[in-house]
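Observations on the three-dimensional arrangement
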Amino acid sequence: MRGITVPPVQAGHAIGVDLGGTKILAGVVARDGSVVRRHERPTPQDSQEHVLAELESAVAELLDDSVAAIGFGAPSPIDQARGVVVRCVNLPLENSPLRDRMHERFELPVGLDNDANAAAIGEWRAGAGRGQDDLVMLTLGTGVGGGVISGGAPFRGRNGVGAELGHVVVVHDGRPCQGACTGHGHLETYVSGSAATAAAREALGPSADAHRLVRLADEGDERARALLEEVAGYLGSGIGSFVNVFAPQLVVLGGGFGVAAFDYLHGPAQQVARREALEPMRSDVRLAKAELGTAAGLIGAAFVGFEALDTG
Ligand SMILES: [Zn+2]
């Protein structure tokens, strides 16, 4: 007599939490990437303990019996061996053992990743990169975040601190980088929303910013279009180098500025990237707009939670 095959228990949901500089976005996410419910709350700015307490509240508010794992995305390099948030640029969170603390509190598997890695995982699992085994994602916002999926798995480098694609050099000894970064000529200083705002102010006056730049380009303003084309050139140089290193099938552009300016950036950036990339990668270079919007980080964080569940 044949026995009854009991399928392995595959609990339905994970909670994904995207810790941002101003908001904590959290949601209950199914294995197919759909968000069952979500909420957001402001990110406290005053102390590490307050940030951690709000993260706990965000999880507690969503927790039910369907939740089998929790994942967090944080704007910081992550020490994967210790489960530690190393240092957030814009938040009072440093050397914080987030994984152990959340595991002790909720007694569920907990995954932790950099926010841009989480966004890349979100787009790979449930957005523009579905079905692709090799992709690079760049999030153009206040800074430039990067994430890489290589051979059907997230690439994280030693200890999980990669891939900081916004901090590759595109101009030797160029503009000083932003925030805590001591580098020069990094991609971030030429293609982030902040960089576009700085360029817009210089060319169009103090009230201009990156979003006004896109609006003006929409209205046919030649100066605005020329500035965006310049940004696209630097972006294409960076992408050409990433294509030569990672040989992706797809490069996904996300982040507030990356999505808003996509129509102006993707053509010229693709042209420059193709010029810089070698065959056979050159023929494959394809840029796509991120599809998940602001939910990419929390959806990706939930998949980091599923990863902790499946490998733990
Ligand atoms: Zn930098």
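Shown above is the structure to which this text applies.
Now for a quick tour of the structure.

About the thresholds
- Residues numbered from 1 in each chain as written.
- Predicted model: local features only at pLDDT ≥ 70, side-chain atom pairs only at ≥ 80, totals over all residues.
- Heavy atoms only, no water.
- Helix = DSSP H or I, 4+ residues; strand = E, 2+ residues; numbered from the N terminus.
- Rg over C-alpha atoms; globule rule 2.2 N^0.38 Å.
- Buried < 20%, exposed > 50% of the residue type's maximum accessible area, 1.4 Å probe, protein only.
- Contact = heavy atoms within 4.5 Å.
- Areas by Shrake-Rupley, 256 points an atom, 1.4 Å probe, with all protein chains shown as cover.
- Lys, Arg positive; Asp, Glu negative; His and termini not counted.
- Charge placed at Lys NZ, Arg CZ, Asp CG, Glu CD.
- Pairing = 2+ DSSP bridges.
- Donors = N, O, S within 2.8 Å, 3.2 Å for Na, K, Ca; no water.
- Tetrahedral: all angles 85-135°; square planar, octahedral: opposite > 155°, others 65-115°.

A few words on the overall build of the protein chain. Within the protein chain one finds 11 helices and 13 strands. Its C-alpha atoms give the protein chain a radius of gyration of 20 Å, within 12% of the compact-globule value 20 Å for 312 residues. Taken along the three principal axes of its C-alpha coordinates, the protein chain extends 70 × 55 × 35 Å. Here the protein chain, with 312 residues, has 52% of them falling under the buried criterion. Across the protein chain, contacts joining residues at least 24 apart in sequence account for 61% of those joining residues at least 6 apart. For the protein chain, the exposed area adds up to about 14200 Å²; of that, 50% sits on carbon and sulfur atoms. On the protein chain, the mean spot of the 26 positive side-chain charges and the mean spot of the 38 negative ones are 2 Å from each other.

Right, let's get into the pairing of strand 8 (residues 110–114). Judged by how many residues are buried, strand 8 sits mostly within the fold: 5 of 5 residues are covered. With 5 bridges connecting them, strand 4 (residues 67–74) and strand 8 associate as parallel partners. For Ile70, the partnering residue across the bridge sits in strand 8 and is Val110.

Let us look at the coordination of the zinc ion. Between any two of four tetrahedral donors, the ideal angle at the metal is 109.5 degrees; between two of six octahedral donors, it is 90 or 180 degrees. Taken together, the protein donors to the zinc ion comprise His167 (ND1), Cys177 (SG), Cys181 (SG) and His186 (ND1), at separations of 1.9 to 2.3 Å. For the zinc ion, the 4 donor atoms in the first shell make angles of 102 to 115 degrees at the metal, a pattern classed as tetrahedral. Summarised as a motif, the one-chain spacing of the donors to the zinc ion is H-x9-C-x3-C-x4-H. Residue His167 is located in the loop between strand 11 (153–154) and helix 4 (188–191), and its partner Cys177 is located in the loop between strand 11 and helix 4; the two are separated by 10 residues in the primary sequence.

Position of Glu202 relative to the elements: it lies in helix 5 (residues 193–204). Classification of Glu202 by relative accessible area gives exposed; the value is 76%. Residues Glu202 and Pro44, 158 residues apart in the sequence, show an inter-C-alpha distance of 33 Å.

Residue placement: Leu19 occurs in strand 1 (residues 13–19). In this structure the C-alpha to C-alpha distance between Leu19 and Leu298, which are 279 residues apart in sequence, comes to 8.6 Å. If we skip the residues at most four places from it in the chain, Leu19 touches Ile24, Thr43, Val51, Leu55, Gly73, Ala74, Pro75, Leu91 and Leu93.

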